[in-house]
Amino acid sequence: MAVELVKIVSKNFDIPDSHKLEVALKNGRYESIDKAFSMQPDEITEEVCKSGLRGKGGGGAACGPKWKLMPPVDERPRYLIVNGDESEPGTFKDRQIFQYDPHLLIEGIICSSYAIGAHDAYIYIRGEYKWFIDRLNEAIEEAYEAGIIGEKVMNKYDYRIDITVHRGGGAYICGEKSALIESIEGKRGHPRLKPHGKECEWFYGMPATVNNVETISSVPNIVLNGYESYTKWGTEKAPGTMLFAMSGPVKNPGVYELQYGEKMIDVINDIGGGMKNGMKLKALIPGGASCPILTAEEVEKAYLDYESMWDIGSTLGTGGMMIIPEGTSMVDVAKNLIEFYHHESCGQCTPCREGTGWIDKTIKKILDGNGSEKDLDTIIDVCGTMNGKTICVFAPAVKDIIQSIVEKYRHEFEEHFKS
Amino acid sequence: MSKFKYTEENEKEFARIAKKYPKIDAMMLPALWLVQEQEGWVSPDAMVFVADKLGKTPIEVYEFATFYTMFNLKPIGTYHIELCKTLSCMVMGAPELKKFVKDTLGIGPGETSEDGKFHFSEVECQGACGGAPMIALNNQYHENMSVDKLKKIIEECK
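A quick note: this is a predicted structure, and the numbers were derived from the prediction, not measured.

Asks: Any chance you could break down the overall build of chain B for me, citing the residues and the numbers?
Replies: The secondary structure content of chain B amounts to seven helices and five strands. In sequence order, chain B lays out its α and β elements as α-α-α-α-β-α-α-β-β-β-β-α. Considered along the principal axes of its C-alpha atoms, chain B spans approximately 50 × 35 × 25 Å. Per-residue burial for chain B yields a buried fraction of 52% across its 158 residues. The long-range share in chain B, meaning contacts at least 24 apart out of those at least 6 apart in sequence, stands at 61%.

Asks: Run through the side chain of Thr86(B), naming residues and quoting values.
Replies: If you trace the backbone, Thr86(B) turns up in the loop between strand 1 (79-84) and helix 5 (87-91). We classify Thr86(B) as buried; its relative accessible area is 2%. With near-sequence residues (within four places) excluded, Thr86(B) lies in contact with Pro89(A), Asn336(A), Phe340(A), Val123(B), Glu124(B) and Cys125(B).

Asks: Please give an account of the sheet that holds strand 3 (residues 118-123) of chain B that cites residues and values.
Replies: Residue and element names in this part refer to chain B. Taken in spatial order, the five strands line up as 2-3-1-4-5 in an open sheet, and their pairing is mixed. Each end of this open sheet is capped by a strand with a single partner; those strands are strand 2 (111-112) and strand 5 (140-142). Note: strand 2 against strand 3, two bridges, orientation antiparallel. Directly across from Glu111, in strand 3, lies its bridge partner Phe120.

Asks: Describe the nonpolar core, listing the residues and the values that go with them.
Replies: Residue and element names in this part refer to chain A. Leu105, Ile110, Ile123 and Tyr341 are the most contacted members of the largest nonpolar core, which totals 168 residues. For this core, the element with the highest residue contribution is helix 6 (residues 102-116), accounting for nine residues. In terms of nonpolar packing, the next biggest core, distinct from the first, is built from 27 residues, Tyr260, Leu294, Leu316 and Ile323 among them.

Asks: Before we move on, can you summarise the domain arrangement of chain B with the specific residues and values?
Replies: By domain assignment, chain B separates into domain 1 (8-67) and domain 2 (79-157). Placing a centre on the C-alpha atoms of domain 1 of chain B and another on those of domain 2 of chain B gives a separation of 29 Å.

Asks: Quick rundown of the packing of aromatic side chains? Include the residues and the values.
Replies: Using the criterion set out here, one finds 30 aromatic pairs over all chains in the structure. Measuring from centroid to centroid gives 6.5 Å for Phe98(A) and Tyr129(A), while their planes differ by 75°, and the two rings are edge-to-face. Here Phe98(A) is found in helix 5 (residues 94-100), whereas its partner Tyr129(A) is found in the loop between strand 2 (120-125) and helix 7 (130-145), with 31 residues between them in sequence. Seen from their ring centres, Tyr172(A) and Tyr341(A) are 6.2 Å apart, and the 80° between their planes marks the pair as edge-to-face. Taken together, the positions of Tyr172(A) in the loop between strand 3 (162-167) and helix 8 (177-184) and Tyr341(A) in helix 14 (residues 330-344) put the pair 169 residues apart, joining distant regions of the chain. Exposure remark for Tyr172(A): the relative accessible area of 14% places this residue in the buried category. Residue Tyr341(A) is classed as buried on the basis of its relative accessible area, which comes to 0%. By the ring-pair criterion, three or more aromatic residues cluster together here, those being Tyr79(A), Tyr122(A), Phe203(A), Tyr204(A) and Tyr21(B). Directly above the ring of Tyr129(A) sits Arg126(A), whose terminal nitrogen or CZ lies 5.4 Å from the centroid.

Asks: Which residues make up the UniProt feature "binding site: [2Fe-2S] cluster" (unreviewed entry) in chain B, and what values do they have?
Replies: UniProt tags Cys84(B), Cys89(B), Cys125(B) and Cys129(B) as "binding site: [2Fe-2S] cluster" (unreviewed entry). In sequence the annotated residues extend across 46 residues, while in space they remain close, none of their C-alpha pairs exceeding 9.2 Å. Taking relative accessible area as the criterion, Cys84(B) reaches 2% and is therefore assigned buried. With near-sequence residues (within four places) excluded, Cys84(B) lies in contact with Cys89(B), Ala94(B), Val123(B), Glu124(B), Cys125(B), Gln126(B) and Met134(B). Discounting chain neighbours no more than four positions away, the residues touching Cys125(B) are Ser87(A), Glu88(A), Pro89(A), Gly90(A), Arg126(A), Phe340(A), Cys84(B) and Thr86(B).

Asks: Tell me about the domain arrangement of chain A, and please be specific about residues and values.
Replies: Residue and element names in this part refer to chain A. If you check the domain split of chain A, you get domain 1 (21-232), domain 2 (235-325) and domain 3 (330-415). Facing 12 residues of domain 2, the contacting portion of domain 3 comprises 12 residues. Across the interface of domain 2 and domain 3, roughly 970 Å² is buried in total on both sides, 63% from carbon and sulfur atoms. Broken down residue by residue, the surface that domain 2 buries against domain 3 is led by Lys282, Ser290 and Ile293, which jointly contribute 48%. At the boundary of domain 2 and domain 3, one finds two salt bridges. We note a salt bridge from Glu298 to Lys408, for which the minimum N-O separation is 2.9 Å.

Asks: With reference to specific residues and values, describe helix 2 (residues 28-39) of chain B.
Replies: Taking 1.5 Å per residue, 12 residues should reach 16 Å; helix 2 of chain B reaches 17 Å between its end C-alpha atoms and fits that length. With respect to burial, helix 2 of chain B is a largely interior element, nine of its 12 residues being buried. Turning to helix 2 of chain B, its buried residues are Met28(B), Leu29(B), Pro30(B), Ala31(B), Leu32(B), Trp33(B), Leu34(B), Val35(B) and Gln36(B). Lining the buried residues of helix 2 of chain B we find strand 2, strand 3 and helix 8 of chain A together with helix 1 (8-18), helix 3 (44-54) and helix 4 (58-67) of chain B.

Parameters and conventions
- Residues numbered from 1 in each chain as written.
- Chains lettered and ligands numbered in written order.
- Predicted model: local features only at pLDDT ≥ 70, side-chain atom pairs only at ≥ 80, totals over all residues.
- Heavy atoms only, no water.
- Helix = DSSP H or I, 4+ residues; strand = E, 2+ residues; numbered from the N terminus.
- Buried < 20%, exposed > 50% of the residue type's maximum accessible area, 1.4 Å probe, protein only.
- Contact = heavy atoms within 4.5 Å.
- Pairing = 2+ DSSP bridges.
- Core = buried A, V, L, I, M, F, W, Y, C linked by side-chain atoms within 4.5 Å.
- Domains from an automatic or database assignment.
- Phe/Tyr/Trp six-rings, centres within 6.5 Å; stacked < 30°, edge-to-face > 60°.
- Lys NZ or Arg CZ within 6 Å of the ring centre and 35° of its normal.
- UniProt positions renumbered as here; feature names shortened; annotations may be inferred.
- Buried area = accessible area lost by both parts, 1.4 Å probe.
- Salt bridge = Lys/Arg side-chain N within 4 Å of Asp/Glu carboxyl O.
- Expected span 1.5 Å × (residues − 1).

Have a look at this one:
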């Protein structure tokens, strides 16, 4: 059966001027607010828990249980921080929301802030997205002027909500939630040490929740239509939909909303239109550059949900599929990616700072024709020294992608020894 | 004491944004963006100014500014061409665009043309992978880029 698009988050994307408040209001935006304010905050959290909504920023953690990590409401201020950093190569889905339906994000922020008891929300967006930041700010301004946010919600609910867009400065690591908070707090984007038990995030020492843009944008539909409207899509463990991104030489690259669990090759052919100009698929990175690479044979067996991807030794990540055609040197792919990671390592942990540099140098040595089998062993060894020995998952991500390329395409590296 | 000053308009903008945060420290990124938008780059003198405004030491501002790649720490050309080099752009033709810039303007990554008009940067993923290859010209994205399209853009800037 052909893969079909689902329109929940992306419902308004194709409507002309969908970013403008007037058009947004005519097309269902802010309809969830009355329902939300007819509920107790805990009831919204329960509804989100039952929906099984999972974080769309890469980790896939359940959203509702994350909200429950916030301490009981007291006199302290508490915050919602929306992660729109989106710096993972292959990932360009949140920008569709900024561009085509910024009011959906604002609506999601109102529902989510009310649920967790927050009055101030900060949206952290990568600095490169200047155009998208301007568009989102225009929508926020419209929402303030219309009395949708501000001292009262929708001019009638006695609940203050202020939303601020915070422009990043071009650092991939600021997509990591604790680095993101450090960055807003005016520091270098260095990830924080994690506590032993699960707890909320802390912004200037006050309780905070960090959620991805798409996650927050999924909330209004769940509030308005109930969790059952969401769980009818997807799989048992991954209910609902996700904005999947496709890049590389397919006929129709772009962002498409699909339910979880679709067969990857069908998505590439039915939605992506298949490979361009008679090219053949060689490999694919399934969910942004940090996920272990899949060979063309593995792509045939892959399904787009978290558990299926783990079963075949990769991860779903952000759902950003990067397609690599036949004729591409996998040593060049490894070089390209390790240059990225070497450049973007925040430098806080030695295994990551030194490890990315070491692998970068070793792959260049191989490409220069000066490599040997021993160098491949060194790369695998360095990957081992990086994995699980750092504050954040940046280094394990580097290990995942680089080790998988070396193991699955070892012969291509060896070709360089012979020449 | 710094000789740098915000324009009157930016001074007001700084005060407006600062009210949105629980602590002035959060103004580090916004303050530097205001400097760069005003001057095109962030000079050491401007860093002293920002430090004074935020109650920081100049070295703290310097440490911060050097961590984030988008702050220009020296003057750059009128037109900043940023070419994405990361995987999808590489696969879709970024290396040809890099060669074209070198052949046409005579500048490689990190260099400014002799007339001071163009500055070229090779940057990591810009989140435009579906429209690869891409360049950003003074923050404006141009996707599905080709040598012909880039040639036209450069001609228009000349």
